[in-house]
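Close look at the chain arrangement
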Amino acid sequence: MKQAARKMLLMTPGPVPLDPEVQIALAQDMIHHRTPAFDQVLKSVLLKLKVVFGTSQDCYALTCTGSGGMEALLVNTLRPGAQVLCINSGKFGERWAQMAKVFGAQVTELVVPWGQAVNLNRLEQELNSKNFDLLLTQACETSTGVLHPIEQIAKLTRKVQPDCLILVDAITALGATPLPMDEWDLDGVVGGSQKAFMLPTGLSFLSFSNRAWKLIENNPSPRFYFDIRKEREANQSGQTYFSSNVTLLRALEWVLNKILSQGYPHHLEVIKNRAQWTREVSQWMGLATYSQSPSPSVTALLTPCDSQKLRNHLETNYQLVLMGGQDQAKGKIIRIGHMGHISKSDLIQMSERLYLGLSDLGVPLPAQSELSSLQKKLDLLQL
Ligand SMILES: *Cc1c(COP(=O)(O)O)cnc(C)c1O
């Protein structure tokens, strides 16, 4: 294939490729956020977010990156000197624990080996060791591609410590895998725009349970930008606490309309199929799945060569952008994202370019002719 004809393929677990219609929505004229036209957009997205969160609670859209959303969950629910149990299974778990420490929490870290989901027996032991005010966990730990068993984590926590709030960083899970907040009895959930919500970076989405709200109302801890009580007040009068991110919220309305018009379960099925197929085709190329509990939103693969070298080679020579690993996984894994605007032909292209890249680096591979039969399997999947 000629270099010029090759489309740049962004297959990272955030940022993700944008739908052309989203790009058009992003290019529209600016309108003021204190207008009936914008009120309509805000009302509509806050209502539709409830479907994705699986909640009857109000949802919030804040102008900040995902980490800002994590901070918003924390500062509203963290009382001075609170005891916090944090599941740390990778880079984002590390960040969650560090953040809680910065805000003065007494943090116990349940360190999970990279590539594994949390062990529920160990979690039970920790929960029995002392009283915790908050449990912090990722739903999907993006740095390792692990999906944690959130429903079981919540059940167990509720059984051992009924009053402990369960806060979930679902930034690569909400919108990509089922996470019904009310049904699983979660107290705080955060999602992010440049991940499963298929937009550029800049918004995060939150919701809190009634149990969390009782604490939030009387929490003496300081907060200003992320004071969710003020956000709620503003939303009730059709506004946001600070200037609204008009552009992203309009694009979000398009994304939510698309997801809901196809049905949310269908949307999740498509992402799951992309991930399953990617694991199959990668295994065929000799790349084992790194995570023992793989998430549908991101696939981490062990590479038989230096993964950093492979990444650079794919980017420079094949216009395929994947992520590598960090810290202990650096040079060992590549990570492929399954969120965003990804077509069947993008998946075919991805597999072809990955094959060629591996081959260039001298990795022994099965015959390329077998690849097309794997690619044909895509015809049988909902994509
Ligand atoms: C991307 C991500 C975040 C937040 O990252 P930002 O750069 O602040 O948007 C947090 N947690 C997880 C699991 C993520 O994947």
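The notes below deal with the structure included here. Model, not experiment: these values are computed from the prediction.

Before going further, it helps to spend a moment on helix α13 (residues 369-376). Because each turn of an α-helix spans 3.6 residues, side chains separated by three or four positions end up pointing in the same direction. Along α13, the positions that sit buried rather than exposed are Leu371, Leu374 and Gln375. Projection of α13 onto a plane perpendicular to its axis shows the buried side chains occupying an angular sector of 100°, all on one side. Turned more than 90 degrees from where α13 packs its buried face, Ser369 and Lys376 sit exposed. Considering only its buried residues, α13 is in contact with α10 (264-284) and α12 (344-360).

Around the ligand, the structure places 13 residues, and the nearest of them are Thr65, Ser67, Thr142, Asp169 and Lys195. Gly66 is positioned such that a nitrogen or oxygen atom in its backbone is 2.9 Å from an oxygen atom of the ligand. Within the contact set of the ligand, an oxygen atom lies 2.8 Å away from a side-chain nitrogen or oxygen of Gln194. Here the ligand, which alone exposes 380 Å², has 88% of that area covered by the protein. Listed by contribution, the elements that provide at least two residues to the shell around the ligand are α3 (66-77) and α4 (91-102). When residues in the shell around the ligand are grouped by element, the largest group, three residues, is from α3. Residue classes in the shell around the ligand are distributed as four nonpolar, six polar and three charged.

Mapped onto the elements of the fold, Gln161 is located in the loop between α6 (150-160) and β8 (165-169). In this structure Gln161 comes out as buried when scored by relative accessible area, which is 6%. A polar side-chain atom of Gln161 sits 2.6 Å from the main-chain carbonyl oxygen of Leu127. Each residue touching Gln161, except ones within four places of it in the same chain, is listed here: Leu127, Lys130, Asn131 and Phe132.

Its 17 residues place the ends of α12 25 Å apart at the C-alpha level, agreeing with the 24 Å of an ideal helix rising 1.5 Å per residue. Looking at the buried positions of α12, the neighbouring elements they touch are β1 (9-10), α10, α11 (307-318), β12 (320-321), β13 (333-337) and α13. Gly362 sits one or two positions beyond α12 and adopts a positive phi of about 85°.

A few words on the pairing of strand β4 (residues 106-111). Looking at chain direction, strand β3 (residues 83-88) and β4 are connected through six bridges and run parallel. Paired with Gln83 across the two strands is Gln106, which belongs to β4. In terms of handedness, the path from β3 via α4 over to β4 forms a crossover that is right-handed.

Considering all chains together, one arrives at 18 salt bridges under this definition. Ionic pairing is found between Lys91 and Glu94, a salt bridge with its closest N-O pair at 3.3 Å. Residue Lys91 and its partner Glu94 are both found in helix α4; the two are separated by three residues, about one turn of the helix. In this structure Lys91 comes out as partly exposed when scored by relative accessible area, which is 22%. A residue is classified by how much of its surface remains accessible, and Glu94, at 33% relative accessible area, is partly exposed. Where Lys159 meets Glu124, a salt bridge forms, and the shortest distance between an N and an O atom there is 3.5 Å. Of this pair, Lys159 sits in helix α6 while Glu124 is found in helix α5 (residues 120-129), placing the two residues 35 residues apart along the sequence. Given a relative accessible area of 25%, Glu124 falls into the partly exposed group. One network of salt bridges, in which partners are shared, links Arg158, Asp185, Asp187 and Arg211.

Definitions and cut-offs
Every residue gets a number counted from 1 within its own chain, in the order that chain's sequence is written. In keeping with the model being predicted, local features are shown solely for residues with a pLDDT of at least 70 and side-chain atom pairs are shown and tallied solely at 80 or more, while totals for entire chains, interfaces and linings include all residues. Where side-chain values are given, they derive from all heavy atoms of the structure, hydrogens and water being excluded. Relative accessibility decides the category of a residue: with a 1.4 Å probe and only protein chains considered, values under 20% of the type maximum give buried, values over 50% give exposed, and everything between is partly exposed. In DSSP terms, a helix is any run of H or I states spanning at least four residues, a strand is any run of E spanning at least two, and both are numbered starting from the N terminus. As used here, the arc belongs to the directions running from the helix axis to the C-beta atoms. Between two residues, a contact is recorded if the distance between any of their heavy atoms is within 4.5 Å. Near residues are defined by distance, with any heavy atom within 4 Å of the molecule or strand qualifying the residue. N or O atoms closer than or at 3.5 Å make up a polar contact, with two conditions inside protein: a donor-capable atom paired with an acceptor-capable one, and, for residues adjacent in sequence, both atoms drawn from side chains. Only the protein chains shown count as cover for residues, and all accessible areas are computed by the Shrake-Rupley method using a 1.4 Å probe. Three categories are distinguished: nonpolar for Ala, Val, Leu, Ile, Met, Phe, Trp, Tyr, Cys and Pro, charged for Asp, Glu, Lys and Arg, and polar for the others, with Gly belonging to the last. In this scheme, a helix's expected span is set at 1.5 Å multiplied by one less than its residue total. Two strands make a pair as long as DSSP finds a minimum of two bridges between them. A right-handed crossover is one whose linking path, passing over the helix from the first strand to the second, runs clockwise when the strands point away from the viewer. Basic side-chain nitrogens of Lys or Arg form a salt bridge, by our definition, when they fall within 4 Å of a carboxyl oxygen of Asp or Glu.

These figures capture arrangement, not role.
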